[in-house]
Every structure is written in C-alpha cells, then in structure tokens.
Amino acid sequence: MELAYIPSPSRGVIHLGPIPLRGYAFCIIIGVFVAVWLGNKRWIARGGRSGTVADIAVWAVPFGLVGGRLYHVITDYELYFSEGRDWVDALKIWEGGLGIWGAIALGALGAWIGCRRRGIPMPAYADAVAPGIALAQAIGRWGNWFNQELYGRATDVPWALKITSSTDGRVPGTYHPTFLYESLWCIGVAVLVIWADRRFKLGHGRAFALYVASYCVGRFWVEYMRVDDAHHILGLRLNNWTALIVFLLAVAYIVISAKKRPGREAVVEPGAGASGGETEGDADSDSAAEAKDEDAKGGAEEDVEEDVKEDVKDEAGSGTKKT
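Keep in mind that this is a model prediction, so the values were computed, not measured.

S.K.: Hey, could you run me through the overall build of the chain in this one?
M.R.: Of regular secondary structure, the chain possesses 11 helices and seven strands. Residue burial in the chain is summarised as follows: out of 323 residues, 38% are buried. Here the chain has roughly 18,800 Å² of accessible surface; of this, 64% comes from carbon and sulfur atoms.

S.K.: Which parts of the structure should I look at to understand the pairing of strand β3 (residues 19-22)?
M.R.: Walk down a regular strand and you will see the side chains alternate between the two sheet faces. With four bridges connecting them, strand β2 (residues 13-16) and β3 associate as antiparallel partners. Paired with Val13 across the two strands is Arg22, which belongs to β3. Between β2 and β3, which pair antiparallel in sequence order, lie two residues; one of them, Gly17, sits at a positive phi of approximately 70°.

S.K.: Hey, could you run me through the pattern of salt bridges in this one?
M.R.: Close approach of charged atoms allows side chains of opposite charge to pair. Inspection of every chain in the model, using the stated rule, returns 14 salt bridges. Here Arg237 ties to Glu223 by a salt bridge, and the two come within 2.9 Å at their closest N and O atoms. On the criterion of sequence distance, the pair formed by Arg237 in strand β7 (residues 236-237) and Glu223 in helix α8 (residues 206-225) is long-range, its members being 14 residues apart. Asp228 is paired through a salt bridge with Arg226; the nearest N and O atoms lie 3.1 Å apart. Accessibility expressed as a relative area gives 24% for Asp228, which makes it partly exposed. On the basis of relative accessible area, Arg226 is assigned to the buried category, the value being 11%. Overlapping salt bridges, with partners in common, bring together Arg141, Glu182, Arg219, Glu223, Arg226, Asp228 and Arg237 in one network.

S.K.: Looking at this structure, I do not really get α8. What am I missing?
M.R.: Think of an α-helix as 3.6 residues a turn; residues three or four steps apart then line up on the same face. In this model α8 runs 29 Å from its N-terminal to its C-terminal C-alpha over 20 residues, within 8% of the 28 Å that 1.5 Å per residue would give. Burial runs high along α8: 16 of the 20 residues are buried.

S.K.: Honestly, the packing of helix α5 (residues 122-140) against helix α7 (residues 178-200) in this entry has me stumped. Any pointers?
M.R.: How two helices pack is summed up by the angle between their axes together with the distance between the axes. Packing of α5 against α7 leaves a shortest axis separation of 8 Å and a crossing angle of 170°. Classified by the interaxial angle, the pair formed by α5 and α7 is roughly antiparallel. Together, Ala130, Pro131, Ala134, Leu135, Gln137 and Ala138 of α5 and Ser183, Cys186, Ile187, Val189, Ala190, Val193 and Ile194 of α7 make up the contact between the two elements.

S.K.: Sorry, what's going on with the packing of aromatic side chains here?
M.R.: What describes a pair of aromatic rings is the distance from one ring centre to the other and the angle between the planes of the rings. Taken as a whole and judged by the stated rule, the model has 10 aromatic pairs. Measuring from ring centre to ring centre gives 4.6 Å for Tyr151 and Tyr175, while their planes differ by 40°; the resulting arrangement is tilted. Of the two residues, Tyr151 sits in the loop between α6 (142-147) and β4 (161-163) while Tyr175 sits in strand β5 (residues 173-175), which places them 24 residues apart along the sequence. Considered together, Tyr151 and Tyr175 belong to a single accessibility category, that of buried residues. For the ring pair Trp185 and Trp221, a centre distance of 6.3 Å and an interplane angle of 80° mean the geometry is edge-to-face. Of the two residues, Trp185 sits in helix α7 while Trp221 sits in helix α8, which places them 36 residues apart along the sequence. Look at Trp221 and you get partly exposed, because its relative accessible area is 34%. Counting every residue linked through ring pairs, the aromatic cluster contains Trp142, Trp145, Phe146 and Phe179.

S.K.: Hey, could you run me through the environment of Arg170 in this one?
M.R.: Its place among the elements puts Arg170 in the loop between β4 and β5. The class of Arg170 is buried, set by a relative accessible area of 17%. Separated by 22 residues in the primary sequence, Arg170 and Gln148 have C-alpha atoms spaced 9.0 Å apart. If we ignore the near neighbours within four places in the chain, the residues touching Arg170 are Asn147, Gln148, Glu149, Tyr151, Ile163 and Ser165. Within the structure, the side chain of Arg170 is placed 3.3 Å from the backbone oxygen of Asn147, a separation counted as a polar contact.

Conventions and cut-offs
Residues numbered from 1 in each chain as written. Predicted model: local features only at pLDDT ≥ 70, side-chain atom pairs only at ≥ 80, totals over all residues. Heavy atoms only, no water. Helix = DSSP H or I, 4+ residues; strand = E, 2+ residues; numbered from the N terminus. Buried < 20%, exposed > 50% of the residue type's maximum accessible area, 1.4 Å probe, protein only. Areas by Shrake-Rupley, 256 points an atom, 1.4 Å probe, with all protein chains shown as cover. Pairing = 2+ DSSP bridges. Salt bridge = Lys/Arg side-chain N within 4 Å of Asp/Glu carboxyl O. Expected span 1.5 Å × (residues − 1). Axes fitted to C-alpha atoms, helices over the stretch in contact; angles between N-to-C directions. Parallel < 35°, antiparallel > 145°, perpendicular 65-115°, else oblique. Contact = heavy atoms within 4.5 Å. Phe/Tyr/Trp six-rings, centres within 6.5 Å; stacked < 30°, edge-to-face > 60°. Polar contact = N/O pair within 3.5 Å; in protein donor to acceptor, adjacent residues only side chain to side chain.

Okay, structure coming up:
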C-alpha cells in the first residue's frame, strides 16, 4: 500500500502559444545562473574583478553543453543510431541527456580559452566556480524529474518517486528517486568545498579537485542504484568506472599539487586592484598619510599657542597693554 510518494509532473513541457517551455531546460538555465552568481562572489573575494566569471562562462557554458551532449550520445549511441531510431534526435538536447563527465571536460576547455584571453590562471578560476558548479548540478538534476527519467530500483519507501509514463519502455510504479539523492549530495559537496576552502585556503585548483573527488563518491553509489539501460564493464556500469577513475585522478592531483605548489595564488587577476577600486594596501597608505597630516597640524597649533603665551608674558613684563 502506497502511503506516501513523490509525484511526477504530468508533463515536462508547457506551451506558451507556439513556444514550448521545458522544465529540463529551465533547470539547466537556473543552475547556470546560480553557478555564475556564486562564482562571481568567490572570485571578487579572491581579489578578482566583478563580471569576470560571467565573461569566461560565455565560453565555458556552450562548450560544456556540447561536451555533455556528446558524452551522452557516444555512450548511449543505440538510442539514436540503432535500427528504427532517428539520428536527428541526438541534436534534441532539450529532451534530456547530458553527461556530466563530458560537460566538465569540454567546459574546462572553454574556460581555459576564456582565462587565456583574460590572462587569468585557470586553476584559480576553477577554484572559484567549483561550489557553484555543484549547486548547478543539484538544480539541473530536477530536470530528470520533469522528464521522468534516470530513477533507481523499485521501492515502497515514503520518499519513493512515482513514475506514471510508459514511453520508451518505462514501467509505471514507485522507484528510488536517484535524481533527488544526487541533488542533495551535490548540495553537500558545495558546502564541503566552501568550508574546506575557508579552513585550509585551498589554491592552484585544489578546491576544484576536491569538488570532483567528492562528487565522484556520491555519483558512484547513485549510479549503482539506477536501473536504466547502460553499458557494463566487469559487472559495473560505465559511469561507475568513470567515477572511480576520475576520483583517483582528482585525489592524486590534490596530493601532488599540495606538495609542489602549497598555499594559494597571491594574485588571481592582474590589475584588478588598480581598476576595481582601492586596495587594502592603498587604504593603509592613505590612512598613514592622513595621520601624518593630523600630526603636522597638531604640532603647528601647539607652536602658535606657545608663541601667543610668550607674547603675553613679554607684554605683561614691560607694562604695555595690548588692545
């Protein structure tokens, strides 16, 4: 008996006249805005200019979307190129299907191009946007809820997801809401990276590597629960192997980077202090100059007072009255 469950939306698209408004696309767009907003705040706190994160995101986001779609199409090619399928569907990104591994890989390439054009160290930029990317993933996973896809094994737990669609081989019923599990995990990853970055002053790409490693841990067990068709290697899903390999690479990077380049970058954006306003050093210099001026004024006033006193004393001694 079903006492409680998470309902699925009756449809994932609403038509505003001839314009389709898709829940999946909205989740991706909102996630991008959140990532840019948080990344901008962290970038400014590191000494960069406001707006730089958005400028580089203009390169990173399109590359990421293309990379995410390519990974999905390549690893699930039978959905688009097998008998009875239409290859044109591979271009319909709005219908769902983005691989985070491809999105991060090509997104990083786009970010590298943007950073190179601005003369900014790529690792510093990656550290700034890492928690925002995790939050973007957390929001983007709700797009799977709108599409009724990527759920886990059948279950009757109170937080089970109720699938009502029967298209593409779906069987209506209640299943583990793996989209929700991964969304919550990504929020935890964002909090972890922000805390660790403040506590240990992570730099040179280590905050980003921590995000990658911690995300892979959660993705491994979430992927293990999913029941959608996937390629298997030695009994594990392809994405499980990807998560394991990427996790090891991220941990290795953290260890090697900490030994070779401890601490964090002193300057993340050349000239940001000069154009972005008064820096802390400038403020200290101005304060010192003001204090020096005050001391000079105070000394002059004391000299005037001493001179007046001497004049009065002299006049009193000579018996002359000053009018």
